[in-house]
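Structure at a glance
Below, each chain spelled out in residue letters.
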Amino acid sequence: MTLRVLVAKVGTADALAFYLPGFVSQTGKILHTSKTMISGAAASTESLNQAVRGLSEYLMIVLDDNSTSSIRHAPENDVVALDSNKTKPLTSFLEELRQLPVKNAVQSEVITESVDRGTMISVGDSDNKVGSLRVKRTEKWLAETTSHVNKLLSSTFPHLCVHPNRKVRLGVLASIQGLLRKCSYTLRDSRLMLLECLFVLVCDDSEDVSSEAQTFTEILVSSGQNQIEQDMSEVFSRLLEKLPRVVMADEESLALSHARKLLAVTYYGGPRLVADYLLVSPVAAARFLDVFALCLSQNSVFTGPLNQLAAKRPLKSGFMHSISEIKAITSNAHEEKSEFLGSQNWNKSRPYEHVKNEYELPNMPPWFVHVGSRKLYQALSGILRLVSLYIFTDSRSEGSYSVLIDILLGHFRNLTSELRTREHRNDSWQSWYKRTGSAHLVRRASTASCILNEMIYGLSDQASTSFNGMFRNKGIYVNSNGNENARIHLIDCIGSILHEYLSPEIWNIPLGFSDTLEQFGEDGDINLHVFNDNGMLHQVIIEGIGIFNICLGEEFSSSGFLHTSLYMLLENIICSNFEVRRASDSVLHVISATQNCPTVGHLVLANSDYVIDSICRQLRHLDLNPHVPNVLSAMLSFVGVADKILPLLEEPMHAVSMELEILGRHHHPNLTLPFLKAVAEIAKASKHEADKLPNQAESYKKDMNAKMSELNSGICMNAANMQEEELESIIFEFNDSKRYRRIVGSIAGSCLVSVTPLIASADPASCLTALDVIEDGIIVLSKVEEAYKHESETKEAIREIIESCSFYNLLDTLGADEDETVENRLLPAVNKIWPFLVSCFRSKNLVAIKKCCRTITTVVQICGGDFFSRRFHSDGAHFWKLLSTSPFQKKKPFSKEERTPLQLPYRKSWTEDSSSNPSEISNLKLQIAILEMISDLSKNKRSAPSLDPVFKKISGVVVGIACSGVKGLQGACENALVGLASVDPDLVWLLLADVYYSRKGNIPCPPSDEFPEIGEVLPIPSSSKEYLYVLYGGQSYGFDVDFNAVEIVYKKLCAEVFTSQTYK
């Protein structure tokens, strides 16, 4: 600071020019040392700030353009005058510094200054002579001096403008302002470097630094000097040429500053600068795109240190918003008891806010995390957005924007052409990837997609907001959204991009060994990075679709782009690559928010006809579209709109039923489980709709009965014309509800027919899924028949109203000649299902048998026990034999047939699984499931008659297990005995008392002589085989009698059942 005051006190070029070499040399050492020193004076930020400011003030005095113009004989037009009346002149500032008092003056040596003469005279000793310390500033001296100064500034200022301390950057900014104002012509060799440093500070992270730099830059640009425009054009060309080399280097800070310089000069240069560079020729435009393709390409992944690669490796875990949204929908519908899709209480901004916070669009490409930081990518993408905006809005560049788009789409066309050639030649993926350049085509397409996405985003309102936030002062920006022709041109460009994005060849490239490779039996050696490249290409394309939606808004749907891309997004929800799956999920939510849909379910519902049409079209060609069943199940489960589009599912359900038949399973065995999952989702949707049908039908019946009562009382005899119109609308509404009920029943019946044979499947997953469908389908048919009963009564009431009012012309619309036999679906369906349920018990799949127990309980309770009494009598042996052996005793095959089950030639062999003996715990859980089935059937009055023919058999088996004392089965046996006792308590008491009193010493006496002795009723058996439970239930193996357990069970049932039994 002292040196700055001293220089200001002197203040003349002639006096300071003599000391300029030494001053520059010493100050340069300080600036150079500051880059490496971490302590001491050189490392002090305040001293560094003062050194920078002092150097610039010194140069502004000595090398001022006004004082050096006569030396170089420069014309006045070449000297750029940037002083503004609004800013305080530097000379007045220097004059104020000269008036400051000098403290601690040395009395022995008095230094006097002569500003007028430009000399420095030392007065102290009388013998000394007055000497003149003056330099004759010639043109040669000026050239040598400016050369040394340029070297110093070029070596220090680029590093200081990215100094971590804000004060140092402010000092550099003040120095740049002064040098460009005062020494612009003299230091013209450093002018480009000073402009570059200024553009770095324009994008500084500190608001006060960037704001001041932007203000000064606007002054420069608005000055109207041709030299400034030429300098900015030259800076733009030079920065663009060096950009790839700087980005691929190891210096993150230098790469960021370089990119920010280019961003700032592009912003302030405006459309004219960009057009003059890019529109010279198509070669220039292609060269510009090649520069950014090189900076953003996946080849740059291998630049930089290994620790950066490991530290920035993306996580492969996360969650999908659709899943959390479905949970929110379910809980909301459960709490409010309302249809969620129709509810108005949902906060529309809530889903989008979650996605916006966690998945921002446009997003940094997945491979760039290994290259640089997000700030570097934001700077590079900002350049692309500005260039796109300027070229698109410049009136002189009509048609040039399409040229840029076509250059980038050429990479996609090359990739698509190569993929089509591979299909034509029937080449394997291994041979195609081993071909030179094949994998490189995928990477170039990914980079082109990234550039296209950023260029299109640059035309959006969100990009404008981003630039306004970055450049806080008044910028040079033109909005073209109001231009109708420009909007049409933008839609055409996006349409051409989407046409290439949605090419089926691109979406058929494999993402892993579990996809297309296994389907065609390809097990060759393919590097895993190839699959990673394919996944990143898909991810960037999906993000691009979301960006196009943001840019167009509601026009994205009206232009048809939503209809063409929605199915692809739903298809990738179940992609094997998590990043692709997450991107699809997030983009769906972004599109939903943009299209004013609260959830993805609303979005799919609004466009369900297009989605279902795509599914039906692909179901006809499963060999080409093996993924379509997964898409169907994902759409119905993740999105959660199956119940709303149920009427549209009849056609796809018919195609699914065909594929689940024997021939379909033989042709596409790998699609059986995906089709089953889709059927399960359709069955759940049918169940959801069927739950509402009985109440709706009953409510409608009550309304008709009320109208009939009013008619009989003579209230509605007036206004016959209005009565006929009202009645006609009632009939139309009645026919609509009847038609919808039949659709629900038809879909449920198709689901049952499709999955019934798979109950006996040896594949556990297929069997369990089929049982879920059976359970849901039976519930649906029962609800449909219940609604049909109310509907029949409603129909009769409407008929009576028609006849009473003499509106006989309406009888035809009521459907009098309809075939009512099709309404009897429940029992015929169960009759076909029962043999397969029995077959499931005969299998070795214990998990499926446990699930089958619950399914049988549900089916019998719905259909009634009378229908199953004969079936339990004939087929019950397959159920009860699983209870005849202790789980802790090894079983032996009951017959030769069970040891070698029939294996059809087209079925997959499961002999390895079936040959292994299940564990004791597994057998124990199976027997618990069967006992629970017995308990549930016997406790329910509707299903209890099904056990009448086998009641003694079951009671004997359960009592035998209860008397064995097996700890794991004790609770289940007691529940089963409680249920059986609710049907026939006398029999259960006899079976238990027979064992209990056979060992009891003190047998109670009868209450009176009218009752016989217990020994007469239950004589003591001579052996364990003569117990009543053995005679009724048959011999059991491994269940020995434990009299302590017998006593516990007997006393518990006496307390809970026998003494409190109510007889009716």
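To keep things clear, this report deals only with the structure shown in the data block. (Residues numbered from 1 in each chain as written. Predicted model: local features only at pLDDT ≥ 70, side-chain atom pairs only at ≥ 80, totals over all residues. Heavy atoms only, no water.)

**Some words on the overall build of the protein chain**
To be explicit about the condition: The helix and strand labels rest on DSSP assignments: H or I over at least four residues marks a helix, E over at least two residues marks a strand, and numbering proceeds from the N terminus. When a residue's accessible area, from a 1.4 Å probe over protein chains only, is under 20% of the maximum for its type it is buried; when over 50% it is exposed; and in between it is partly exposed. A contact between two residues is defined here by any heavy atoms of the two lying within 4.5 Å. Values of accessible area rely on a 1.4 Å probe in the Shrake-Rupley scheme; residue burial ignores everything except the protein chains shown.
The secondary structure content of the protein chain amounts to 51 helices and two strands. Across the 1064 residues that make up the protein chain, the buried fraction comes to 51%. Contacts spanning at least 24 positions in sequence make up 79% of the contacts within the protein chain whose residues lie at least 6 apart. For the protein chain, the computed accessible surface area is about 50,500 Å², with 52% contributed by carbon and sulfur atoms.

**Focus on unusual backbone geometry**
Peptide bonds are trans in most cases, and residues, glycine excluded, mostly fall at negative phi. Positive phi outside glycine occurs at N426, with the angle close to 60°. Within the element layout of this structure, N426 appears in the loop between α18 (400-425) and α19 (429-434). Backbone geometry places N596, a non-glycine residue, at a positive phi of 60°. For N596, a relative accessible area of 48% corresponds to the partly exposed category.

**Here we look at the packing of helix α20 (residues 438-457) against helix α22 (residues 484-501)**
Heads up, the condition is: To get an axis, fit a line to the C-alpha atoms, keeping to the stretch in contact for a helix; angles then go from 0 to 180 degrees between the N-to-C directions. For classification purposes, an angle smaller than 35 degrees is called roughly parallel, one larger than 145 roughly antiparallel, one from 65 to 115 roughly perpendicular, and anything else oblique. It is the rotation of the near helix from the far one that decides the hand of a crossing: anticlockwise by less than a right angle makes it left-handed, clockwise makes it right-handed. When residue character is reported, Ala, Val, Leu, Ile, Met, Phe, Trp, Tyr, Cys and Pro are called nonpolar, Asp, Glu, Lys and Arg charged, and the others, Gly included, polar.
Between α20 and α22, the shortest axis-to-axis distance is 12 Å and the interhelical angle comes to 160°. By the criterion of interaxial angle, the relationship of α20 to α22 is roughly antiparallel. The handedness of the crossing between α20 and α22 comes out as left-handed. Only L490, I494, I497 and Y501 of α22 make contact with α20, whose side of the interface consists of S449, L452, N453 and I456. Partitioning the contact of α20 with α22 into residue classes produces six nonpolar, two polar and no charged.

**Brief notes about the pattern of salt bridges**
Filter applied, for reference: One side-chain nitrogen of Lys or Arg within 4 Å of one carboxyl oxygen of Asp or Glu is enough to make a salt bridge.
Counted by the stated rule, this structure contains 26 salt bridges. Measuring nitrogen to oxygen at the nearest pair gives 3.1 Å for the salt bridge that ties R617 to D613. Pair noted here: R617 and D613 are both in helix α30 (residues 608-619), with a separation of four residues, about one helical turn. We note a salt bridge from D772 to K851, for which the minimum N-O separation is 2.7 Å. One end of the pair, D772, is in helix α37 (residues 764-805); the other, K851, is in helix α40 (residues 846-863), and 79 residues separate them in sequence. Overlapping salt bridges bring together E196, R238 and K261 as one network.

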